[in-house]
Amino acid sequence: MKLFIKPGACSLASHIVLEETGLPYTTEVVDLQTKQTASGQDFWAINPKGYVPALQLADGTLLTEGPAIVQYLADQVPAKPLAPANGTLARYQLQGWLTFIGTELHRNFGAFFNPAGTPEWKEVSRSSLQRRFAYVNDQLAGRDYLMGADFSVADAYLFTVLGWTGHIGLDLAPWPNLVAFRARVAARPAVQAVLKDEGLA
């Protein structure tokens, strides 16, 4: 498998999950401005959506959208607790977390990374992030990870999004469970390997 990434972007979550699976894979960096891959390919021709992550399977099939990619990867290694079994209530709870992180956290960073982001848009987004981080902080009380004792694909996504707070000057100190969670995930060997590979550590 080959994962197309931009270091530090939302593709980091898929990269972490790939490393956690132990499956063989390669990565290729994409310049999202020029839409060129590191090997000189036209990324538009690979992924008509034009953004990362994109996972190219061994047979050439392309899978896009982070939440879909990480669940696919988790299902390739069912012996590992990266995602609950399909059809279980816990699996739908996991999907709830992936949706929440994508629509309520990830989306609210758009104002800060969009050149058209106005001060008003950024202020609304910052307030929204603060409310939602407070909610996640409460949910993490007494548990190591979002789903309980086991690291899941949702944790990889949350960790990725939390990594963007420094870029927008949002201090996580008011939410000690988030601070502890971020440190806990960062200490995982697979996460350390990926951060090093992407030049983030």
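A brief structural summary. For clarity, every value in this text was computed on a predicted model and none was experimentally measured. (Residues numbered from 1 in each chain as written. Predicted model: local features only at pLDDT ≥ 70, side-chain atom pairs only at ≥ 80, totals over all residues. Heavy atoms only, no water.)

**A closer look at the pairing of strand β1 (residues 2–5)**
In regular strands, side chains alternate between the two faces of the sheet.
Reasoning step 1: As defined by bridge partners, β1 adjoins strand β2 (residues 26–31) across four bridges and the pair is classed as parallel. Bridge pairing in β2 links F4 to E28.
Reasoning step 2: Taken together, β1, helix α1 (residues 11–21) and β2 constitute a β-α-β crossover, and its handedness is right-handed.
Reasoning step 3: In terms of strand pairing, β1 meets strand β4 (residues 54–56) through three bridges, oriented antiparallel. For F4, the partnering residue across the bridge sits in β4 and is A54. (Pairing = 2+ DSSP bridges. Helix = DSSP H or I, 4+ residues; strand = E, 2+ residues; numbered from the N terminus. Right-handed = clockwise from strand over helix to strand, strands pointing away.)

**With respect to the pattern of salt bridges**
Reasoning step 1: One pass over the structure, following the stated rule, counts seven salt bridges.
Reasoning step 2: Across the pair E28 and K2 runs a salt bridge, and its minimum N-O distance is 2.9 Å. On the criterion of sequence distance, the pair formed by E28 in strand β2 and K2 in strand β1 is long-range, its members being 26 residues apart.
Reasoning step 3: Residues K49 and E65 are paired through a salt bridge, measuring 2.9 Å at the closest nitrogen-oxygen approach. Here K49, found in the loop between α2 (43–46) and β4, pairs with E65, found in the loop between β5 (62–64) and α3 (66–76); they are 16 residues apart in sequence, far enough to count as distant.
Reasoning step 4: Each member of the salt-bridge network shares a partner with another, and the members are E104, R107 and R132. (Salt bridge = Lys/Arg side-chain N within 4 Å of Asp/Glu carboxyl O.)

**Some words on the sheet that holds β4**
Reasoning step 1: With respect to topology, five strands assemble into an open sheet ordered β3-β2-β1-β4-β5, the strand pairing being mixed. Where the open sheet ends on each side, the last strands, each with one partner, are β3 (36–37) and β5.
Reasoning step 2: Summarising the sheet, β4 and β5 pair through three bridges and their orientation is antiparallel. For L55, the partnering residue across the bridge sits in β5 and is L63.
Reasoning step 3: Packed onto the sheet, α1 meets β1, β2 and β4 and runs at close to 150° relative to β1. (Contact = heavy atoms within 4.5 Å. Axes fitted to C-alpha atoms, helices over the stretch in contact; angles between N-to-C directions.)

**Observations regarding the pairing of β2**
Reasoning step 1: Relative to β3, β2 runs antiparallel, the two sharing two bridges. From the neighbouring strand, D31 faces β3, where its bridge partner is Q36.

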